[in-house]
Amino acid sequence: MVGSVTTEAGPQGSRAAIRLLQGYLWHPRELGIDLDAYLPRELDEANVLWDEIEPPFAFFDNGEPAAGQLFYQFTVLRVYDERPSAEELHRDAQAASQALDPLLQATPAGLGWQLMEDLREL
């Protein structure tokens, strides 16, 4: 399920870099998954970015320590010539989410993710 974060529109008539989706990917360290083998770096007109980070929390909800996992900050970012309306941004985020879903579902067992709609300007 994709959550939602929206902020007020920036100045009209200026280019805007907007996060469409933001979240985390993770997998057990021993799996050694190469995300480039499963996920694109571009998705239509958006860029798909991930960077390895320290676990953002100590334990998962089930009590499992997060330290045994590799974590990645995950962002889908698009640059617009002019900032679109919130409705247009939401449609673009939904389209990105729908395009990513089968790719994420096809990753090896053990890869987890949490992605949310995040329509904030960078």
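Note that this is a predicted model, so its numbers are computed, not measured.

The rules behind these values
Residues numbered from 1 in each chain as written. Predicted model: local features only at pLDDT ≥ 70, side-chain atom pairs only at ≥ 80, totals over all residues. Heavy atoms only, no water. Core = buried A, V, L, I, M, F, W, Y, C linked by side-chain atoms within 4.5 Å. Buried < 20%, exposed > 50% of the residue type's maximum accessible area, 1.4 Å probe, protein only. Helix = DSSP H or I, 4+ residues; strand = E, 2+ residues; numbered from the N terminus. Contact = heavy atoms within 4.5 Å. Polar contact = N/O pair within 3.5 Å; in protein donor to acceptor, adjacent residues only side chain to side chain. Pairing = 2+ DSSP bridges. Expected span 1.5 Å × (residues − 1).

Another point: the nonpolar core. Leu20, Phe74, Val76 and Leu100 are the most contacted members of the largest nonpolar core, which totals 25 residues. When contributions to this core are tallied by element, the ones reaching two or more residues are strand E2 (16-28), strand E4 (46-53), strand E5 (69-80), helix H1 (86-105) and strand E6 (112-119). Not counting chain neighbours up to four residues away, the residues in contact with Leu20 comprise Ala46, Val76, Arg78, Tyr80, Leu89, Asp92, Ala93, Met116, Glu117, Asp118 and Leu119.

The residue His27 is located in strand E2 in this model. A polar contact of 3.3 Å, which involves the side chain of His27, links it to the side chain of Tyr72. Residues in contact with His27, not counting those within four places in the same chain, are Gly32, Ile33, Gly68, Gln69, Leu70, Tyr72, Gly110 and Leu111.

Right, let's get into the pairing of E4. Sheet topology places strand E3 (residues 42-43) next to E4; two bridges connect them, and they run antiparallel. Within E4, the residue paired with Leu43 across the bridge is Ala46. Counting the residues that bridge the hairpin from E3 to E4 gives two residues, and of these Asp44 lies at a positive phi of roughly 55°. Pairing of E4 with E5 involves eight bridges; the strand directions are antiparallel. Pairing of Val48 across the sheet is with Val76, part of E5.

The next thing to look at is H1. In a regular helix each residue adds 1.5 Å, so 20 residues correspond to 28 Å; H1 covers 28 Å between its end C-alpha atoms and thus fits that length. Considered for burial, the residues of H1 that qualify are Leu89, Ala93, Ala96, Ser97, Leu100 and Leu104. Next to the buried residues of H1 lie E2, E3, E5 and E6.

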